[in-house]
Amino acid sequence: MSEASPPAARETSSGDRALRQRVQSFVRDWRASVGRQWQTEQAGALYEELERLAELAETQGDADVADPVLELTAYLCSFVDRNSTPNPVQLQGLQRLIERLAEASGEKPARRTPRKPAAAAESAHRQVFYLRESALEIPGIAARLGQQGAVVRPFDERDALLHALDEAGPDVVLIDEAFAAEINTIMEAVQRLRRAHREPPLCLLLANETDLTRTLFALRAGADAVVVERDPIALSAQIDGLLAQRRALGYRVLIVEDDRGQAKFCESILRHRGMLTRVCEDPAAVPAALTEFKPDLVLLDLYLPGGNGIEIAQRIRESGHAFLPIVFLSGELDLDLRFDAIRMGADDFITKPVKPRHLVTAVESRIRRARELAQHQGDGRAERRGNLSGRDMLAAEVLRAAREESERCPALALIAVDDVDDVLRSVGFAAGSTLSQQLAGTLAAEIAGQRTLCAWGELRFLVLVHADDQLALREQLEALRRKLDERSWLSERTPVHLHLSLGCVRLHPQLAGIEEALERVRALLDNVQAAGGARCEFDLREVGTQAGEDPQVRLVRALLRAPSVRGTAQFEFQPFVPLAGQIAGQYEARMALKPPKSRQVKLLQRHEWLPIARDLEMVAHADRHFLRGVIEHVREHRADGQDLRLYLPIVAANLLDPALAPWLAAEFGAHAVPSNTVALEFDAAEVRGELTRLRGALEHVQRVGVRLALSVGIDAGTDLGKLLGIEAFGVVKFARAGGVDAKPEAAWEPWSKAIAEARSLGKIVVASDVAGMADIGMLLRLGVHYAQGDALSGWLAEWNFDFAEAVL
């Protein structure tokens, strides 16, 4: 092979080289045609070639090329299948995927063009788009929804609404009957612009009256419901109820597939449609996944290591999942084998290579049909009545949470209207039923993601609550009670104001049965209401730990479970001293755990408490403890106008928690701390181990506004090309190699190539563990932007390092 060949092609087989040459040709064709100006017909032809490349990449097992090919296929199919044109933001997304594919195949990068400003960040509030004729606008609807934290954007014309979709995605779309003919156009545009992993918006047609013809037209055009309610209070409650039902019926798909490329392809397609997915590569892990994930459908490969798919389908059926749809994925063309699979319990077959449109249609139709059957057969899902769960479901979920979530803070809450007899007497018999429905819908909407809500008496509701710690639980439920207290109910013409009380008990693994928890929470609520009501009462006592447990383990568990960070943790900061960089006020943060009010202070540093937290399966809890503590510290100690950015080491696996990003956004908002004050720092070796799964998660967290950094130690190796190529990591920190005794050349030369590559990609480079001034000359020659180490500054209790005197 000639020396001019790209590096990616030198170490590949002849088959791989042929594949990469085809990919390079595809990239060049794209740049020459669709990349310059979108052409639907040309995009369709290129998409067909892309599908062939995806099949070839999977066959040859070239993961470097297969991953970006599958990602591009999943994204492009949404435009080709609908014969639609992407907007400028989507074209930029396609271009990024094309360049990622070019890099993987060894094709030269395209010429860089000046980057356009990013689209406006998503609002933390619910976005409501309202298309109406000005004269027909529902009076008071914007004010009523605004009181509940929503942002209502009215539009007089369809095109104005479509243009606004480029800036922010709505959670709810309200369309007046005068614009009924535009529903299909609007919802197709909304679906194209919706980001992956985000639920599709709720679309309601507001009509003066309804009939079967009008309803069918609206539903076929893409609306979720036709609403005749014009009262703003009642309409607001109805929106809450519909959102809660949508959340409770989210589709969950378990993908049992040993081929990572195929599994990722299916996962990308289904997540883009708003479904929750989990991949299971080991057939032996399927029973546990069924119990934990509770899927609505199983996608099952016909041929798996350690057992074929037919045997697994049979075991699924024998384990009591009679109504769970099973769809096989296979390239098998033998009709007899297909009939055998269906006879043993399968519901459908999808032939490989999988077409995105076929996959989505098969999954959605099978799940809808299974749920209809389950409702007639009395399955567990039929226990849900609107927004409420049956008592059997609640009892089972309470006992499961008590048994399996002891490291968090599961709790049972009872929420009730005070003076309920007087309230029902004043509103009347019929309105009492409406009030109960409005309360149930609002509760279900407010406890997002917590699906167990059960009526227990007149205007009384039991709620199973999941929280990370006692403080979070108290804050969540007290805020919920206040919010319910402040809003109006029933209608704008005859508004009703309620006072509510709440009792809450913590669930523990020793819970003998549901009756024990019910008695405790009922007694709490009775005491509250006897004392005047309109407040919360908590019983969050924990059962003692086992005798003989290591005291340090017990200490770490107790400190991480503490309701407040204050008094249980100590924070210190070490500055990043500018070399080639220009920015002052940057520090690395660290957290040490300490017993509160202890005279003999024994601090547990991260290298001591993190292994214990891993053993206790409390790593996510520990990182949130760290994050919350630093955010609170910033709120209390940061001076007005002070430039500050704090780098916090976080375990990479926690990025896979979908709740991390919204939790982090909520913490910044609650403490009025700008999100760009914090940078999350991840260990390169950990990121490498989860690289495929982390790509989407990085983008999700980045949207909160924090900066992301990569921390490279000697255990990460020196081949860092893939890691440095991740655009989300804007900062890369390299640790000194060889310890403090190593000479500067030996300590930093191993990183010289990686540092140069990071700089060429526009990343900020930081050197850590700097041993002395002898290192500084070497780091200046390498072009390092900032240096950190005990030789430059120790760890400080506050951000009082004198950067002006320290510029080197």
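The model shown is predicted, which means the values in this text are computed figures rather than measured ones.

Peer 1: Can you walk me through the overall build of the protein in this structure?
Peer 2: Looking only at helices and strands, the protein features 31 helices and 28 strands. Out of the 808 residues belonging to the protein, those deemed buried represent 51%. For the protein, the share of sequence-separated contacts (at least 6 apart) that also reach a separation of at least 24 residues comes to 70%. About 37600 Å² of surface is accessible on the protein, with carbon and sulfur atoms providing 50% of the total.

Peer 1: What am I meant to see in the pairing of strand β3 (residues 172-176) here?
Peer 2: Regular strands show a simple pattern: their side chains alternate between the two faces of the sheet. Buried residues dominate β3, accounting for five of its five residues. What you see with β3 is no split at all: Val172, Leu174 and Asp176 on one side and Val173 and Ile175 on the other are buried throughout. Relative to β3, strand β1 (residues 126-131) is paired through four bridges, and the arrangement is parallel. Its bridge partner being in β3, Leu131 is matched across the sheet by Ile175. Alignment of β3 against strand β4 (residues 202-206), held across five bridges, turns out to be parallel. Looking at β4, one finds that Val172 is bridged to Leu202.

Peer 1: I would appreciate a short explanation of the sheet that holds strand β24 (residues 678-683) in the present structure.
Peer 2: Strand pairing in a sheet relies on backbone hydrogen bonds, with the paired strands running either antiparallel or parallel. Strand order across the open sheet formed by nine strands is β20-β22-β23-β24-β25-β26-β27-β28-β21, with mixed pairing between neighbours. The sheet is open, and its two edges are formed by β20 (569-575) and β21 (577-578), each paired on a single side. Pairing between strand β27 (residues 764-768) and strand β28 (residues 786-787): two bridges, direction parallel. Opposite Ala767, over in β28, you have Ala787 as the bridge partner. Across the sheet, helix α23 (residues 619-637) touches β20, β22 (586-593), β23 (645-649) and β24, and the angle it forms with β23 is around 165 degrees.

Peer 1: Sorry if this is basic, but what is going on with helix α29 (residues 752-760) here?
Peer 2: Each full turn of the α-helix corresponds to 3.6 residues, which orients residues three or four apart in the same direction. Here α29 has its buried residues at Ser752, Ala754, Ile755 and Ala758. Along the axis of α29, the buried residues cluster in a sector spanning 165 degrees; they form a single face. In this structure, α29 carries Lys753 and Ser760 as exposed residues pointing more than 90 degrees from its buried face. Packing partners of the buried residues in α29 comprise α27 (721-724), β26 (729-735), α28 (744-748), β27 and α30 (773-782). Directly after α29, the chain includes Gly762, whose backbone phi takes a positive value near 80 degrees.

Peer 1: How should I be thinking about the confidence of the model for the protein in this particular structure?
Peer 2: Looking at the protein, the pLDDT average stands at 80 and 84% of residues meet or exceed 70. Contacts for the low-pLDDT stretch residues 1-12, under 50 throughout, to residues beyond four places or in other chains number 14 contacts.

Peer 1: What exactly am I supposed to notice about the packing of helix α18 (residues 429-446) against helix α19 (residues 470-486) here?
Peer 2: When two helices pack together, their arrangement is captured by the angle between the axes and the distance separating the axes. One way to put it is that α18 packs onto α19 with a least axis distance of 12 Å and a crossing angle of 145 degrees. The handedness of the crossing between α18 and α19 is right-handed. On α19, the residues that touch Thr442, Leu443 and Glu446 of α18 are Leu480, Lys483 and Leu484.

Peer 1: Looking at this structure, I do not really get the environment of Leu235. What am I missing?
Peer 2: Mapped onto the elements of the fold, Leu235 is located in helix α10 (residues 232-248). For Leu235, a relative accessible area of 0% gives the class buried. Note: C-alpha distance between Leu235 and Leu206 (29 residues apart in sequence) is 9.8 Å. For Leu235, the residues in contact, after removing those within four places along its chain, are Ile138, Ile141, Leu206, Val227 and Glu229.

Peer 1: It is not clear to me how the side chain of Glu49 should be interpreted in this structure. Could you clarify?
Peer 2: Tracing the backbone through its elements, the reader meets Glu49 in helix α3 (residues 40-60). The class for Glu49 is buried, based on a relative accessible area of 18%. Polar side-chain contacts of Glu49 include one of 3.1 Å to the side chain of Arg22. Sequence-distant contacts of Glu49, defined by excluding residues within four places in its chain, comprise Arg22 and Phe26.

Peer 1: Is there a simple way to think about the pattern of salt bridges in this case?
Peer 2: On inspection of all chains with the given rule, the structure shows 23 salt bridges. Residue Glu636 pairs with Arg635 through a salt bridge whose shortest N-O separation is 3.1 Å. Beyond isolated ion pairs, a larger network of salt bridges with shared partners links Arg28, Arg31, Glu99 and Glu107.

Peer 1: Is there a simple way to think about the pairing of strand β6 (residues 252-256) in this case?
Peer 2: Summarising burial for β6: five of the five residues are buried, a large majority. The pairing of β6 with strand β7 (residues 276-280) spans five bridges and is parallel. Of the residues in β7, the one forming a bridge with Ile255 is Val279. With four bridges connecting them, β6 and strand β8 (residues 297-301) associate as parallel partners. Opposite Ile255, over in β8, you have Leu299 as the bridge partner.

Peer 1: Can you walk me through unusual backbone geometry in this structure?
Peer 2: Generally, phi is negative for residues other than glycine and the peptide bonds are trans, each holding for most cases. Look at Lys294: it is not a glycine, yet its phi comes out positive at around 50 degrees. Tracing the backbone shows Lys294 in the loop between α12 (286-293) and β8. The exposure class assigned to Lys294 is partly exposed, which follows from its relative accessible area of 38%. Within the chain, Leu459 stands out as a residue other than glycine whose phi angle is a positive 50 degrees.

Peer 1: Teacher, can you tell me more about the sheet that holds strand β18 (residues 500-506) here?
Peer 2: Here five strands make up an open sheet; going across it, the order is β14-β15-β13-β18-β19 and the pairing mixed. Strands with a single pairing partner mark the edges of an open sheet, and in this sheet they are β14 (453-455) and β19 (536-539). Going from strand to strand, the sheet's axes swing by 20 degrees on average, the running direction of each strand aside. Two elements, strand β13 (residues 409-417) and strand β15 (residues 460-467), share eight bridges in a ladder whose sense is antiparallel. Following the sheet pairing, Ile415 is matched in β15 by Phe461. The sheet strands contacting helix α20 (residues 514-530) are β13, β15, β18 and β19, and the helix crosses β18 at an angle near 145 degrees.

Peer 1: What should I look at first to understand the packing of helix α22 (residues 606-615) against α23 in this one?
Peer 2: Here α22 crosses α23 at 140 degrees, and the two axes come no closer than 8 Å. Looking at the two axes, α22 sits oblique to α23. Of α23, the residues touching α22 (which contributes Arg606, Trp609, Leu610, Ala613 and Arg614) are Val619, Ala622, Asp623 and Phe626.

Peer 1: I would appreciate a short explanation of the packing of aromatic side chains in the present structure.
Peer 2: Aromatic rings considered in pairs are described by the distance between their centres and by the relative angle of their planes. All told, the structure shown has ten aromatic pairs when counted by the stated rule. Relative to Trp30, the ring of Phe26 has its centre 6.4 Å away and its plane inclined at 35 degrees; by these criteria the two rings are tilted. On the criterion of helical spacing, the pair formed by Phe26 and Trp30 is a turn pair, its members being four residues apart in helix α2 (residues 14-32). In terms of burial, Phe26 and Trp30 fall into one category: buried. Aromatic rings pair up to connect Tyr587, Phe801 and Phe803 into one cluster. A cation sits over an aromatic face here: Arg132 above Tyr130, 5.9 Å from the ring centre. Across the ring face of Trp489, the terminal group of Arg487 is positioned such that the distance to the ring centre comes to 4.5 Å.

What counts, and where the lines are drawn
- Residues numbered from 1 in each chain as written.
- Predicted model: local features only at pLDDT ≥ 70, side-chain atom pairs only at ≥ 80, totals over all residues.
- Heavy atoms only, no water.
- Helix = DSSP H or I, 4+ residues; strand = E, 2+ residues; numbered from the N terminus.
- Buried < 20%, exposed > 50% of the residue type's maximum accessible area, 1.4 Å probe, protein only.
- Contact = heavy atoms within 4.5 Å.
- Areas by Shrake-Rupley, 256 points an atom, 1.4 Å probe, with all protein chains shown as cover.
- Pairing = 2+ DSSP bridges.
- Axes fitted to C-alpha atoms, helices over the stretch in contact; angles between N-to-C directions.
- Arc of directions from axis to C-beta.
- pLDDT = per-residue confidence, 0-100.
- Left-handed = near helix turned anticlockwise from the far one by under 90°.
- Polar contact = N/O pair within 3.5 Å; in protein donor to acceptor, adjacent residues only side chain to side chain.
- Salt bridge = Lys/Arg side-chain N within 4 Å of Asp/Glu carboxyl O.
- Parallel < 35°, antiparallel > 145°, perpendicular 65-115°, else oblique.
- Phe/Tyr/Trp six-rings, centres within 6.5 Å; stacked < 30°, edge-to-face > 60°.
- Lys NZ or Arg CZ within 6 Å of the ring centre and 35° of its normal.

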